[in-house]
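The residues making up each chain are set out below.
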Amino acid sequence: MNDIAIRRVEQGDLPALLAIYNHYVATTPITFDLEPRTLAQRQPWLDSFKPTGRHQCFVATRNGTPIGWSSSGKFRDKAAYDTSAELSVYLAPDAHGHGLGRSLYTTLIDALQGEDIRRLIAGITLPNAPSVALHLAFGFRLIGVQPEIGRKFDRYWDVALYERELSAARQF
């Protein structure tokens with residue numbers, strides 16, 4: 001993919017990132033949101049990211065247009081979980097299969113090194129072989145499957161939980 005750049009998220013990225021996210025809300029079980037989000041609903045998500053610290057976000061652009069992102073956010077709301085971060089990566093439908101998810105995760109995980117994070121967590125709705133392969137390549141290990149934990153599109157979905165220590169060496 002030509003003219004790809006990865007940089008920190010900016011306010012102006014929100015409409016494009018929301019469109020990508022809402023695609024997955026409407027067409028897949030990858031996210032358990034059931035209704036598309038509005039810009040106002042998604043703004044707090046964007047506001048949670050900082051240039052340093054546990055919660056960061058990087059955007060991939062093609063010719064200046066956002067086509068995906070990776071982010072780290074709260075794993076759970078209780079304070080004792082603060083040193084764990086949940087990672088996400090989303091790509092525009094036409095951006096898959098070019099190593100962009102790997103590039104975004106490399107940038108994000110490198111940026112998180114040295115932050116006060118012990119564990120990186122990923123929840124993957126099953127089946128999702130590409131996401132499982134991406135996480136395994138980054139040294140995540142399966143810690144369990146929550147069977148039929150969410151209902152979307154009139155069926156129940158399993159979610160696999162993967163984790164790794166932040167300080168663990170990359171496995172790719």
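Analysis parameters
Residues numbered from 1 in each chain as written. Predicted model: local features only at pLDDT ≥ 70, side-chain atom pairs only at ≥ 80, totals over all residues. Heavy atoms only, no water. Helix = DSSP H or I, 4+ residues; strand = E, 2+ residues; numbered from the N terminus. Expected span 1.5 Å × (residues − 1). Buried < 20%, exposed > 50% of the residue type's maximum accessible area, 1.4 Å probe, protein only. Contact = heavy atoms within 4.5 Å. Salt bridge = Lys/Arg side-chain N within 4 Å of Asp/Glu carboxyl O.

**So, helix 1 (residues 14-27)**
Here is step 1 of the chain: The terminal C-alpha atoms of helix 1, which comprises 14 residues, lie 20 Å apart, in line with the 20 Å expected from a rise of 1.5 Å per residue.
Here is step 2 of the chain: Turning to helix 1, its buried residues are Leu14, Leu17, Leu18, Ile20, Tyr21, Asn22, Tyr24 and Val25.
Here is step 3 of the chain: Buried residues belonging to helix 1 abut helix 2 (39-47), strand 2 (57-62), strand 3 (65-74), strand 4 (84-91) and strand 6 (141-152).

**A few points about the pattern of salt bridges**
Here is step 1 of the chain: For the coordinates displayed, the defined rule picks out ten salt bridges.
Here is step 2 of the chain: One salt bridge connects Arg7 with Glu10, and the closest N-O pair in it is separated by 3.8 Å.
Here is step 3 of the chain: For Glu10, a relative accessible area of 44% puts it in the partly exposed group.
Here is step 4 of the chain: Where Asp94 meets Arg62, a salt bridge forms, and the shortest distance between an N and an O atom there is 3.7 Å. With Asp94 in the loop between strand 4 and helix 3 (100-112) and Arg62 in strand 2, the pair connects residues that are 32 residues apart, well separated along the chain.

**Thoughts on unusual backbone geometry**
Here is step 1 of the chain: Cis geometry marks the peptide bond from Leu126 to Pro127; its omega dihedral reads 0°.
Here is step 2 of the chain: Secondary-structure assignment places Pro127 in the loop between strand 5 (119-125) and helix 4 (129-137).
Here is step 3 of the chain: In this model, Glu148 sits at a positive phi of 45°, which is unusual for a non-glycine residue.
Here is step 4 of the chain: Tracing the backbone shows Glu148 in strand 6.
Here is step 5 of the chain: Residues other than glycine seldom take positive phi values, yet Phe153 does so here, at roughly 55°.
Here is step 6 of the chain: If you trace the backbone, Phe153 turns up in the loop between strand 6 and strand 7 (155-165).

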